[in-house]
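# Results of the structural survey
One letter stands for each residue in the lines below.
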Amino acid sequence: MRLRFIFGEVFNGLRRNTTMALSVVLVTFVSLMFVGAAALTQMQIDQLKDDWYGKVEIAIFLCPESSRNERCAEGAVTAAQEEDIRAVLEDGALSDLVQKVYYESREEAYGKFVANDDEGIWSYLTPEQMQPSFRVKLSDPEQYQVVADATEGLPGVDVVRDQREIFSELFRFLNAATVIAAALAAVMLIAAMLLITTTIRLSALSRRRETQIMRMVGSSRSLIQMPFMLEGAVAATAGAVLAIGGLFFGVRYLIEDWLKSSVTWVQYIGTSDVLNVAPWLLVIAVGLAAVASIVTLGRYTRA
Amino acid sequence: MIRLDNATKVYKRGARPALDSVSVEIERGDFVFLVGSSGSGKSTFLKLILREERPTGGDVYVAGRHLNKLSAWRVPHLRREIGAVFQDFRLLPNKTVYQNVAFALQVIGKSRHHIQSTVPEMLDLVGLSGKEKRFPHELSGGEQQRVAIARAFVNHPPILLCDEPTGNLDPGTSVGIMRLLDRINRTGTTVLMATHDDEIVDQMRKRVIELRGGELVRDQDRGVYGLERV
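Residues numbered from 1 in each chain as written. Chains lettered and ligands numbered in written order. Predicted model: local features only at pLDDT ≥ 70, side-chain atom pairs only at ≥ 80, totals over all residues.

On to the overall build of chain B. For chain B, the count of helices and strands is 7 helices and 10 strands. A compact globule built from 230 residues would reach a C-alpha radius of gyration of about 17 Å, and chain B, at 18 Å, matches this within 12%. Along the first, second and third principal axes, the C-alpha atoms of chain B reach 50 × 45 × 30 Å. Looking at chain B residue by residue over its 230 residues, the buried ones come to 43%. For chain B, long-range pairs separated by at least 24 residues make up 67% of all intrachain contacts whose partners lie at least 6 apart in sequence. (Helix = DSSP H or I, 4+ residues; strand = E, 2+ residues; numbered from the N terminus. Rg over C-alpha atoms; globule rule 2.2 N^0.38 Å. Buried ≥ 20, exposed ≤ 12 C-beta atoms within 10 Å, placed from the backbone. Contact = placed C-beta atoms within 7 Å.)

Below you can see the structure in the form of structure tokens.
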């Protein structure tokens, strides 16, 4: 009986206040879309980091025959120097940080160079002009600086490069995008909350006669307030569902169907990630409605 | 059934009390008129009993409950023991006579079966059988007040509070309403009626409690409206 009553009231309230309810749905839809987009961007960044940082290495370039670098004034790196550098990486204090050391000889460097040079522009180069290098894979890529500091001054070392630098600009861009999406989401969430508050207040005012009578005949406060709370919650949840749908199809068509087939060397997030975000969006929607209800209802339907 | 011990209500600090140290006891089954001019404290008296307001001094007991100590979530249970009727009827315009009465039972969680058997009984008691499907605007003032009484009494509360129930009605119709209230009183229900209607008070010859400026100035069995008529 009570459930029937509550749902009847919720339905009536939504029907009587269709425009307000719709605006709540749309505003929550847009705001949660931003929240979801921010979350997904972060997930994409994490995914890229995992994927790329696992592949990238520190490259310790060794002195070539003739270099303008002061450190290489003594000429090309000697075999003894190479052994010393390897010893520092593999046996010294750094050995905990280093996962694997791989030596790329001049010939190998040349081979790679030629393989990438389809048009033969660099064909005048000889293996002797290439730089040998140590490629170091770290157990924790974040510890780059420690390894760089320890190896940079060693005799025979030309320059130390962290390949992650290539990506840092991209990650900075993606992080900025997340911040913007999150900021927009925050503004929209405030708008959504204010709208829900107004909707509940209007609804409560338009049904003051009913609530007055309910109070008078002794119905519990929860029964009086429940329909209004549910009204807000239903509208907000509808918005969340729309947002989830939007994100799902967005990821599906833009990323899975389009980007994945055209830009293939990147690991992308997928619809399963949207489904991971979905429960949180629902929680936010319901939480939003709950906060708005608590703020409003205390004043308009006191016992 | 209802007892006020030195009940005092001051709305604003420093202002004159709306109710000043009033002590009254109303027994089960009593029919009591509460009279006094506007601003005499009648409304405050009723609000204290309904626990819409708390006393600022003294104690209020209703239906075995000490209202000073009653927590907010117990208030609905108190209100189920008190039926309330108002001058302006307070019916829901978009519900029929039947739905208006049934509403009072629905919102306290009664079963549909219970509602279907109780509501027609109650409409019969107040003399509205056959008008179940009418809307309030299709009824006369007296009939609307009967619907309101049916709604207040449908849960058979031991106390019925009436705030000027005949205030909007002509004398002939008022008599009918008073007969109905008298009938309800005879079932053992305590009826407390605030009124300005001197003719009715004089005719009924029931207990009269008079307030003036928040003070109890008269509590008389089988009384009349004004002291000067004694």
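Right, let's get into the sheet that holds strand 9 (residues 207-212) of chain B. Residues and elements named next belong to chain B. Strand order in the open sheet made by the 6 strands is 6-7-8-3-9-10, with mixed pairing throughout. If you trace the sheet from one side to the other, it starts and ends with strand 6 (82-86) and strand 10 (215-220), each paired once. This sheet shows a mean twist of 15 degrees between the axes of neighbouring strands, independent of strand direction. In the packing of helix 1 (residues 42-50) onto the sheet, contacts are made with strand 3 (31-35), strand 6, strand 7 (159-163), strand 8 (190-195) and strand 9, and the angle to strand 7 comes to roughly 150 degrees. Its contacts with the sheet put helix 6 (residues 171-186) on strand 3, strand 7 and strand 8, and the angle it makes with strand 8 is roughly 150 degrees. (Pairing = 2+ DSSP bridges. Axes fitted to C-alpha atoms, helices over the stretch in contact; angles between N-to-C directions.)

Before going further, it helps to spend a moment on the packing of helix 2 (residues 18-55) of chain A against helix 8 (residues 221-262) of chain A. Residue and element names in this part refer to chain A. At a minimum axis separation of 7 Å, helix 2 and helix 8 run at an interaxial angle of 45 degrees. Overall, the two elements helix 2 and helix 8 adopt an arrangement that is oblique. Both helix 2 and helix 8 take part in a crossing whose hand is right-handed. Of the residues in helix 8, those in contact with Ala21, Val24, Val25, Leu26, Val27, Thr28, Phe29, Leu32, Met33, Gly36, Ala37 and Leu40 of helix 2 are Ala235, Ala236, Ala238, Gly239, Ala240, Leu242, Ala243, Gly246 and Leu247. (Parallel < 35°, antiparallel > 145°, perpendicular 65-115°, else oblique. Left-handed = near helix turned anticlockwise from the far one by under 90°.)

Before going further, it helps to spend a moment on the domain arrangement of chain A. For chain A, the assigned domains are domain 1 (2-52 + 168-300) and domain 2 (57-163). Placing a centre on the C-alpha atoms of domain 1 of chain A and another on those of domain 2 of chain A gives a separation of 53 Å. (Domains from an automatic or database assignment.)

So, about the interface of chain B and chain A. Each partner contributes residues to the interface: chain B has 18 residues there, and chain A has 16 residues. The leading source of residues in the side of chain B that touches chain A is helix 2 (residues 75-79) of chain B, at 4 residues. Of the residues belonging to the side of chain B that touches chain A, the class tally is 9 nonpolar, 4 polar and 5 charged. (Nonpolar A, V, L, I, M, F, W, Y, C, P; charged D, E, K, R; others polar.)

Residues and elements named next belong to chain A. In contact at an axis separation of 10 Å, helix 6 (residues 165-206) and helix 8 are set at 140 degrees when each is read in the N-to-C sense. Compared by their axis directions, helix 6 and helix 8 come out oblique. As for the relative orientation of helix 6 and helix 8, their crossing is right-handed in sense. Taking contact as the criterion, the partners of Ile196, Thr199, Ile200, Ser203 and Ala204 in helix 6 are, on helix 8, Phe228, Glu231, Gly232 and Ala236.

Let us now look at the confidence of the model for chain A. Chain-level statistics for chain A give a pLDDT mean of 83 and a share of 97% at 70 or above. Averaged pLDDT values over the elements of chain A bottom out at 79 in helix 4 (residues 106-116) of chain A and peak at 89 in helix 8 of chain A. (pLDDT = per-residue confidence, 0-100.)

All names here are of chain B. Across the 6 residues that make up strand 8, a large majority, 6, are buried. Going residue by residue along strand 8, you find Thr190, Leu192 and Ala194 tucked away on one face and Val191, Met193 and Thr195 tucked away on the opposite face as well. Across 5 bridges, strand 7 lies against strand 8 in parallel orientation. When the sheet's bridge partners are listed, Asp163 is paired in strand 8 with Ala194. Following the chain from strand 7 across helix 6 to the adjacent parallel strand 8, one finds a crossover that is right-handed. (Right-handed = clockwise from strand over helix to strand, strands pointing away.)

A separate point is the nonpolar core. Residues Leu34, Ile49, Val101, Ala150, Leu160 and Leu161 of chain B are the most contacted members of the largest nonpolar core, which totals 71 residues. At 7 residues, helix 3 (residues 97-106) of chain B tops the list of elements feeding residues into this core. Those residues in contact with Val101 of chain B that lie beyond four places of it in its chain are Val119, Met122, Leu123, Val147, Ala150, Arg151 and Val154 of chain B. If you look at the next biggest cluster of nonpolar residues, it comprises 48 residues, including Val35, Met193, Ile244 and Val277 of chain A. (Core = buried A, V, L, I, M, F, W, Y, C linked by C-beta atoms within 7 Å.)

Glancing now at the pairing of strand 6 of chain B. All names here are of chain B. Burial of strand 6 is extensive: 4 of the 5 residues sit out of reach of the surface. Strand direction decides the pairing type here: strand 6 and strand 7, joined by 5 bridges, are parallel. From the neighbouring strand, Phe86 faces strand 7, where its bridge partner is Asp163.

Moving on, we come to the confidence of the model for chain B. With 98% of its residues at a pLDDT of 70 or more, chain B has an overall mean of 91. Here the predicted complex carries an ipTM of 0.87, next to a pTM of 0.71.

The next thing to look at is the environment of Ala235 of chain A. Residue and element names in this part refer to chain A. As for its placement among the helices and strands, Ala235 is situated in helix 8. Residue Ala235 is classed as buried on the basis of its C-beta count, with 29 C-beta atoms lying within 10 Å. Expressed as a C-alpha distance, the spacing of Ala235 and Arg221, which sit 14 residues apart in the sequence, is 22 Å. Among residues more than four places away in sequence, those in contact with Ala235 are Ala21, Val24 and Val25.

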